[in-house]
Structures are given as C-alpha cells and as structure tokens.
Amino acid sequence: MITAIQQFHYQAFGLTIGSEIPLPELMPATTRDSRPDVEIKFADLSEAWNEGVSAKTYFTVDGDDIRFAVPGTVLYRIRGGGEIAIHPLEGADERVVRLYLLGSCMGALLLQRGILPLHGSAVVIDGAAYAFVGESGAGKSTLAAAFAKRGYPLLSDDVIALTLGSPDDGMDLPQPVVMPAYPQQKLWQESLEQLGMARDRYSPLYREVAKFAVPVSASYCGEQAPLKGIFELLPSASSTGVEIAPIGKLERLPLIGTHTYRNFLIPQLGLAAWHFARSARLATQTDVYRVSRPLHPFSAPEMVDRILQTVCEGVEAR
C-alpha cells in the first residue's frame, strides 16, 4: 500500500503539480507556487464505489467529477481540472498507479481544463513541434524514439497537451502550442530490439508486461513549441513501402476527433461544442498528413527520412 510521506513538486503538460505520491517520471518544479495548478492527494474513495466495480477498467462522470477505477488496483477521482484523488487498493503496484495517473487521469484533467489532449507522441524539428498520432500499436512511440536517436528531442509521449487559446480566455494564440510532458517514453520490447536498445537497461512498466519505461532526459525538450504538423500513422499489410500524403481539411476534423485522448469523455463532460471549435481551428492552422507503412520489415528509419523531407518541403512552400 502506498502511503503519503511528504509533498512533492513537479511540472508537466505546462502545469505545476503538488503531489503526495512521488512521481519520478516528472521534472521537478522550477518554482513552488503556494497553490499548484494540480494537486494529487490520497483519499478514501470507497464510498464513491460502494456498489462495487465491474470487471473492466472504466470511467463515470458526475458534473465536474470524473471517477475512474482500475479494478483490483486503484480508484481515482479527477475534480474540476485541479485535483486528482487516489485510493490505492491493498497490494497495488505503485508503477500501475503512476501509469494510469500520468495517462488516463491527466488526459481527463486536461479536458477539464480546456486543453486539447491528443493520443500520440511529439518531437521538435527545427524549433517546431510535430505530432505522431494513430491507433494503439501504430508505432507512435517507436517513431518518436527513432527521431530522438537522430537528435530530434521528445516533447511528449502518449498524451500530447495542445493549447490553442481563444479571445474569450485572453489567449488568442496565432497557432497551437504543444506543452512539454515529461522525459520518459514507453516502448515495447520489440521496439527496443529494432532500435538497437538494450532491454536490460530499462524497467518494465509493471509486472508481467513486455513494455518498458525509457528515460529520455538527454533527448527531451522542456520548452513549449508551436505545432506545425500532424502525421497520422497507418500500418497496413497491403503497403509495400512508406508513403506520405496530405489530408484535406474536411477529413481532418474526424481525424482529430478519433485521435483525441479519451475522446469518449467529451460528450459526458458537455464539451462537444468546445471540442468541435478547437478541432476546426487546429484543422485550419496545422498541416496534416497520413503515413502509410508496411507491417514488415521495420520501417521507422525510412519514416524519419520521409517525414523530414516532407517537413522541409512544407517549410519551403510557406
């Protein structure tokens, strides 16, 4: 069982975080506000789940409260975009508690705060952010790791926090901005092997899983960057090589909706109109491409080359 010992101070996704649980994945806060943007604390949430939980991981929404259960492991409550309460169950693996806290819980909290979360990875190329989105297993993290090996730093892995702003909130930004997440990737064993990275240097995300936590402090960008492009990864058994094609503006809206992190929460939170407006703005301000690649052989190095070529051609065309 995890117990509270002290208050830890971090920064991630452009937010300051005060936490009763140590989060070694995150960057220490450069300043300590009297009240951080997000407070993470322990709480007894058993009454919130007094009817028990299903056999599946699931969410419920009640106003500005989002409740999330990982059955047999931990209960969470995400409240008002500023608080995450944690109730670890007996025998909970701390790594699993942190994994869902920094993934699903933070994604839900970003939605509550009006920050658009995309499901993917983002890297910095010549001072601008480029996002890789796709379904689970599409190779988003692997591609970002391949870029990092070429010297292009990581901004975010798994959850991409996008700030667009609007005249109503005093943040009428000229273009979307990606906020830095934290210096760690999650890579499957197969990806490590294909990238020539020794598995024994990294720790599994949790017991009995062949996915590893990969620190990337040496190749991490801790500064926000303007988003200039989105690449949707589409692995296909029928593809014979890497192909990149621009996506028209009408097709971009459903693509952004599909790849919004935990998008099933949007209607439950009453954010459909907000999400449509943000997606439409993103679709008009950002270049969007589809990258088709074969399932085999390993094509991440070729994808890096082709994407860099596309980025260069896009810059020259502006």
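For clarity, every value in this text was computed on a predicted model and none was experimentally measured. (Residues numbered from 1 in each chain as written. Predicted model: local features only at pLDDT ≥ 70, side-chain atom pairs only at ≥ 80, totals over all residues. Heavy atoms only, no water.)

Draft legend 1. Spotlight on the sheet that holds strand 3 (residues 27-28). The strand order across the open sheet formed by eight strands is 3-1-2-4-8-7-6-5, and the pairing between neighbours is mixed. On the outer flanks of this sheet lie strand 3 and strand 5 (58-62), each paired with one strand and no other. In terms of strand pairing, strand 1 (residues 8-12) meets strand 3 through two bridges, oriented antiparallel. Across the sheet, Tyr10 pairs through a bridge with Pro28, a residue of strand 3. Seen against the sheet, helix 1 (residues 94-112) touches strand 2 (15-19), strand 4 (38-42), strand 5, strand 6 (65-70), strand 7 (74-79) and strand 8 (83-88) and runs at an angle of roughly 20° to strand 7. (Pairing = 2+ DSSP bridges. Helix = DSSP H or I, 4+ residues; strand = E, 2+ residues; numbered from the N terminus. Contact = heavy atoms within 4.5 Å. Axes fitted to C-alpha atoms, helices over the stretch in contact; angles between N-to-C directions.)

Draft legend 2. Local environment of helix 2 (residues 140-149). Burial within helix 2 is extensive, with nine of its ten residues counted as buried. Regarding helix 2, the residues found buried are Lys140, Ser141, Thr142, Leu143, Ala144, Ala145, Ala146, Phe147 and Ala148. Looking one or two residues past helix 2, Gly151 carries a phi angle of roughly 100°, positive in sign. (Buried < 20%, exposed > 50% of the residue type's maximum accessible area, 1.4 Å probe, protein only.)

Draft legend 3. Representation of the packing of aromatic side chains. Overall, the coordinates contain eleven aromatic pairs when judged by the stated rule. Taken together, a centroid distance of 5.8 Å and an interplanar angle of 75° make the contact between Phe147 and Tyr152 edge-to-face. Judged by its relative accessible area of 0%, Phe147 is buried. Note on Tyr152: relative accessible area 22%, which makes it partly exposed. Through successive ring pairs, a cluster of aromatic residues spans Tyr130, Phe132, Phe147, Tyr152, Phe231 and Tyr289. It is Arg262 that lies over the ring of Tyr261; its NZ or CZ is 4.3 Å from the centre. (Phe/Tyr/Trp six-rings, centres within 6.5 Å; stacked < 30°, edge-to-face > 60°. Lys NZ or Arg CZ within 6 Å of the ring centre and 35° of its normal.)

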